[in-house]
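# Tertiary structure, described
Listed below are the residues making up each chain.
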Amino acid sequence: MAKEGVGTGKYMEMAFGLAEMGRGRTNPNPLVGAVIVNGGRVVGEGWHSKTGAPHAEIEALDQARGASRGATLYVTLEPCRHQGRTGPCTEAIIEAGIKEVMIGVLDPNPLVAGKGVKTLKDAGLAVSVGDSGKIAKQNEVYFKYITTTRPFVLVKIAMSLDGKIAASVGARSNLTDTKAQLEVHKLRNEYQAVLVGIGTILVDDPMLNCRLESGEVRQPIRVVVDSRGRIPLDSRVVRTAGTAPVILAATEKMPAGRRRDLEAAGVEVLFCALSERGQVDIDDLLVRLGEREITSVLVEGGALLNEELLAEELADKILLFLAPVIIGGPDSVPVVAGARPIMRNWQTDQCRLIGNDVMLEVYPKRKN
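Only a predicted model underlies this, so the values are computations on that prediction, with no experimental measurement involved. (Residues numbered from 1 in each chain as written. Predicted model: local features only at pLDDT ≥ 70, side-chain atom pairs only at ≥ 80, totals over all residues. Heavy atoms only, no water.)

## Remarks on the sheet that holds strand β12 (residues 296-299)
The sheet built from nine strands is open, its strands ordered β11-β10-β9-β8-β12-β6-β13-β16-β15 with mixed pairing. With partners counted over all chains shown, the strands left at the sheet margins are β11 (268-271) and β15 (346-354), one partner each. Pairwise comparison of adjacent strand axes, ignoring direction, gives a mean angle of 25 degrees for this sheet. Where strand β6 (residues 152-159) meets β12, four bridges bridge the pair, whose relative direction is parallel. In the sheet register, phenylalanine 152 faces β12, and the bridge partner there is serine 296. (Pairing = 2+ DSSP bridges. Helix = DSSP H or I, 4+ residues; strand = E, 2+ residues; numbered from the N terminus. Axes fitted to C-alpha atoms, helices over the stretch in contact; angles between N-to-C directions.)

## Focus: the sheet that holds strand β2 (residues 41-47)
Hydrogen bonds between backbone atoms are what pair the strands of a sheet, whose relative direction is either parallel or antiparallel. With mixed pairing, five strands are arranged side by side in an open sheet as β2-β1-β3-β4-β5. Two strands close off the open sheet at either side, each with one partner strand: β2 and β5 (126-129). Adjacent strand axes in the sheet meet at a mean angle of 15 degrees, parallel and antiparallel pairs treated alike. In the sheet, strand β1 (residues 33-38) pairs with strand β3 (residues 72-77) via four bridges, with the strands oriented antiparallel. Bridging from a neighbouring strand, valine 35 pairs with tyrosine 74 of β3. Against the sheet, helix α1 (residues 9-20) makes contact with β1, β2, β3 and β4 (100-105), and its axis sits at roughly 145 degrees relative to β1, the strand it touches most. Along the sheet, helix α4 (residues 115-122) contacts β4 and β5; its crossing angle with β5, the most-contacted strand, is approximately 155 degrees. (Contact = heavy atoms within 4.5 Å.)

## Notes on the pairing of β6
Buried residues dominate β6, accounting for seven of its eight residues. Pairing analysis gives six bridges linking β6 to strand β13 (residues 317-322), with the strands arranged parallel. Within β13, the position partnered with methionine 159 by the bridge is leucine 322. (Buried < 20%, exposed > 50% of the residue type's maximum accessible area, 1.4 Å probe, protein only.)

## What to know about the side chain of lysine 164
Counting through the fold element by element, lysine 164 comes out in strand β7 (residues 164-166). Salt bridges are absent for the buried lysine 164, whose nearest opposite-charge side chain, aspartate 162, sits at 5.9 Å. In this structure, lysine 164 is in contact with Ala158, Met159, Leu175, Ile327, Ser332, Val333 and Pro334, ignoring residues within four places of it in sequence. (Lys, Arg positive; Asp, Glu negative; His and termini not counted. Salt bridge = Lys/Arg side-chain N within 4 Å of Asp/Glu carboxyl O.)

## Section: the nonpolar core
Counting residues in each nonpolar core, the largest one holds 35 residues, and the members touching the most others are Ile36, Leu73, Ile93, Ile98 and Val101. Secondary structure elements with two or more residues in this core: α1, β1, α2 (56-64), β3, α3 (89-95), β4, α4 and α6 (140-148). Per-element tally for this core: the top contributor is α1, with five residues. Among residues more than four places away in sequence, those in contact with isoleucine 93 are Glu57, Leu61, Leu73, Pro79, Ile98, Val101, Leu120 and Leu125. Counting 34 residues, the second-largest nonpolar core is a separate cluster that includes Val153, Leu289, Leu310 and Val333. (Core = buried A, V, L, I, M, F, W, Y, C linked by side-chain atoms within 4.5 Å.)

## A look at the side chain of glutamate 300
Along the chain, the position of glutamate 300 falls in the loop between β12 and α12 (303-311). Note on glutamate 300: relative accessible area 11%, which makes it buried.

## As for the environment of lysine 144
Assignment of secondary structure puts lysine 144 in helix α6. In this structure the C-alpha to C-alpha distance between lysine 144 and isoleucine 93, which are 51 residues apart in sequence, comes to 27 Å. Aside from chain neighbours lying at most four places away, what touches lysine 144 is Thr149, Arg150, Pro151, Phe152 and Asp316.

## Structural notes on α4
Because the α-helix completes a turn every 3.6 residues, residues three or four places apart line up on one side. Residues of α4 that are buried include every one of Gly116, Val117 and Leu120, and no others. Projected down its long axis, α4 shows its buried positions confined to an angular sector of 100 degrees, all on one face. Exposed side chains of α4 directed beyond 90 degrees from the buried face belong to Lys118 and Asp122. Buried residues in α4 make contact with α3, β4 and β5. At the exit of α4 stands glycine 124, carrying a positive phi of roughly 95 degrees. (Arc of directions from axis to C-beta.)

Here is the structure:
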């Protein structure tokens, strides 16, 4: 029987699909899927379902039981060999009698990073390692966090055909249709935190929660950048602080009494460093979120927050929803505010039609 290529092929594709079943639930751990094949037959499947749960390899081994002896394990990410929230997977793989391991991509975690492969090889197992860009992208959040301890930042932008996000400053806008809005709620269910500026709160008074009608729903941590603590106590975010966490990123410019009022309402006030503009230093905020094991941040801000993130090169990815609308007018608001030049090239990874809108998924173009 011909063997499929490492990182590709039917069984690795099955493992990739299994890994997806844990999306948004495994942080700060990666998405991992595993398939065990013996005699051309799948005898075990598994995926990492949530933080603290058994890893994909263990789930697959438990399902395969005795059929794992002499079998081949297909796993999307290099098995761990260290003791974390759960035990080392390499030890279980060896004890189960697996004879060959096909790995989609190496784990960049310094605690793993080739050590899992070495452990398996030292025990006499045949090990093959691929370099699957598809699997690496599946774990882009994990790869960023585990190598930098900073969250992966996705900036979501909805704009008109003429590059505007609103008709005027302070005007509410809803450019995209319901299918695009559903995509945003899926992202809120996946990403650990949603980040906005105080301007978005004052204009739109959003809930910033996940409102999916089916499946398991997880509410994101809501983070508001508000240097002076201007957020109204009767805003929907503050009033619902008891149902989903709210972090207010502020500076020393916030009055002490304001802090007491917000904390009494259930809002956590997080003081950050001052930027050169005398506002919350977004870079410092992201570092602090990373320290809390918040590995992913979905930004749904306005023109000012977009400008800060893009000018400082803090965005890892942009998800752009282009609506078939032309706003025009002298007072309309561009996607990016401010006078700072933001000359950076991006590359399109995906383009899809979502309802009546076009969705572009773009990443920073690598510098030569």
